[in-house]
Amino acid sequence: MNLHFFGAAGTVTGSRYLLESKGDRILVDCGLFQGLKNLRLRNWAPFPVKPKSISAVILTHAHLDHSGFVPALARDGFDGPVYCSKATRELCKILLADAAHLQEQDAAYAERRGFSKHRPPLPLYDTQDVKRVLRAFSSLSFGDNHDLREGPSVRLRRAGHILGAAIVEVNWKGRRIVFSGDLGRYDDPLTVDPEPVHAADYLIVESTYGDRLHEPRDAQEAIGAVIERTIARGGTVIVPAFAVGRAQMLLYYLERLKSAGRLADTPVYLNSPMAAEASAFFLRHSDDQRLSDEERRRACAVAKYVDSVEESKALNEDTTPKVIISASGMATGGRVLHHIKKYAPDPRNTILFSGFQAAGTRGAAMVAGAQTIKIHGEYVSVRAEVQNLGMLSAHADAEGLLRWMRNFTRPPRMTFVTHGEPTAADTLRRRIQDELGWRASTPEQMDCVKLS
Ligand SMILES: [Zn+2]
């Protein structure tokens, strides 16, 4: 059996792992590359094997760097089932539809403004491609062994990262291969702890924060302090947030602050139709949740939901200090770009990031102190305060990752450290070797290893 690393090797995005045995092929995750241009260009390259030759796709969770290439794979010939948890399936309906819509919009905008290098600018895939592939989605329950028609037996465990996120165990031809997917944090107020795994022949583990620890500072306090000092100087706080997961967590903390009598006169807007849809799902999906129905209802009621483009534009004209939560989380697209264009040049305002910023994104540039960024072909100066509160991240830090791995009762034959920038992945690899005494490696893009 061979394991091919078609993505998330040496980088955070584009998770794609192909298991292959005697011509049978199973793909675990099928994500988009994001961030640096040379990574994004990989989305346009032909898939390394014929999509038609893949018999099934298994998704760990709905985030686009794990699911966002599925519509393109299907359009290019893949015609098998896509297995994932029930919540992942529901969230993919929201996320993939939005991804197609954004790509169509960006292509149209680029054509009007003439700044795309493609002539004419094309979306990577469109709404029809998404509609078609969603029919191939098939949901699997957590905790049970599912014998798939395509051969492997699969078991999902809760990863605690976002709703529906799974650790995927594949039992196939006598080998047990465990994919951590994105692991959540222990003691997160919204999501459950990552479930333990005790044994695997091979482990593929993420390393987004493989070289870092989250600040021990209280998240609610940190958010409150940033917002209060911005409001005090007459400014507005723009929060680029991942629509699924982070947006709901921010609403939860804002509600807690308001019930504690803080931010009393500060209006909060959620300006992202996708985050609004994700919040509606967060309300009605009671499985997997740490918060009660009532707590979730109160959190979601803290913001005014902005729907139309006109209302969104009006927020840029309104000079009242306020908080605007908008997607995307790394400022790579979406409505938040219009707010950053308007609010970043004024030092009274704050741009508050809420999670990992992949290299090459506007988010990473701003967090690193960039004084200008480019939006829609124009240069925008950044004089606003820029903050990134790592403790809001949906990912386990290095200690959390090791804590999860300590649940294994015997070492895997090999642990592949992926889904991290090179330094993060290598730091975690070293700690796995030194502290757990396991064999570990950091595969590179397009590596292929034999699983004996
Ligand atoms: Zn994720």
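This write-up is about the structure you can find in this document. (Residues numbered from 1 in each chain as written. Predicted model: local features only at pLDDT ≥ 70, side-chain atom pairs only at ≥ 80, totals over all residues.)

1. Some words on the sheet that holds strand 3 (residues 24-30)
Point 1. Read from one edge of the open sheet, 7 strands run 6-5-4-3-2-1-22, paired in mixed fashion. Looking at the sheet topology across the chains shown, the edges are occupied by strand 6 (137-140) and strand 22 (448-450). On average, adjacent strands in this sheet sit at an angle of 25 degrees to one another, irrespective of strand direction.
Point 2. With 6 bridges connecting them, strand 2 (residues 16-21) and strand 3 associate as antiparallel partners. (Pairing = 2+ DSSP bridges. Helix = DSSP H or I, 4+ residues; strand = E, 2+ residues; numbered from the N terminus. Axes fitted to C-alpha atoms, helices over the stretch in contact; angles between N-to-C directions.)

2. Section: the sheet that holds strand 9 (residues 166-172)
Point 1. Taken in spatial order, the 7 strands of this open sheet run 7-8-9-10-11-20-21, and their pairing is mixed. Edge positions in the open sheet fall to strand 7 (145-147) and strand 21 (440-441), since each of these has one partner strand only.
Point 2. Looking at chain direction, strand 8 (residues 153-158) and strand 9 are connected through 6 bridges and run antiparallel. If you follow Ser 153 over to strand 9, its bridge partner there is Asn 171.
Point 3. Packed onto the sheet, helix 14 (residues 422-436) meets strand 20 (414-418) and strand 21 and runs at close to 155 degrees relative to strand 20. (Contact = placed C-beta atoms within 7 Å.)

3. Here we look at the nonpolar core
Point 1. Of all hydrophobic cores here, the largest spans 134 residues; its most connected members are Ile 58, Ala 247 and Ile 325.
Point 2. Looking at which domains feed residues into this core, each of domain 1 (2-212 + 394-450) and domain 2 (219-392) supplies at least three.
Point 3. Other than its neighbours up to four places away in sequence, Ile 58 contacts Ile 26, Val 28, Tyr 83, Cys 84, Val 154 and Val 168. (Core = buried A, V, L, I, M, F, W, Y, C linked by C-beta atoms within 7 Å. Buried ≥ 20, exposed ≤ 12 C-beta atoms within 10 Å, placed from the backbone. Domains from an automatic or database assignment.)

4. Quick notes on the packing of helix 13 (residues 398-405) against helix 14
Point 1. Contact pair helix 13 / helix 14: the axes reach a minimum separation of 11 Å and the direction vectors enclose 45 degrees. Our classification of the angle between helix 13 and helix 14 gives oblique. Where helix 13 crosses over helix 14, the handedness of that crossing is right-handed. Across the interface between the two elements, Ala 398, Leu 401, Leu 402 and Met 405 of helix 13 pack against Leu 428, Arg 431, Ile 432, Glu 435 and Leu 436 of helix 14. (Parallel < 35°, antiparallel > 145°, perpendicular 65-115°, else oblique. Left-handed = near helix turned anticlockwise from the far one by under 90°.)

5. Regarding the packing of helix 7 (residues 246-259) against helix 8 (residues 273-284)
Point 1. Put simply, helix 7 and helix 8 touch, their axes get as near as 9 Å, and they point 70 degrees apart. Considering the angle they form, helix 7 stands roughly perpendicular to helix 8. From helix 7, Ala 247, Gln 248 and Leu 251 reach across to helix 8, where they touch Ala 275, Ala 278, Ser 279 and Phe 282.
Point 2. Per-class residue counts for the contact of helix 7 with helix 8 are 5 nonpolar, 2 polar and no charged. (Nonpolar A, V, L, I, M, F, W, Y, C, P; charged D, E, K, R; others polar.)

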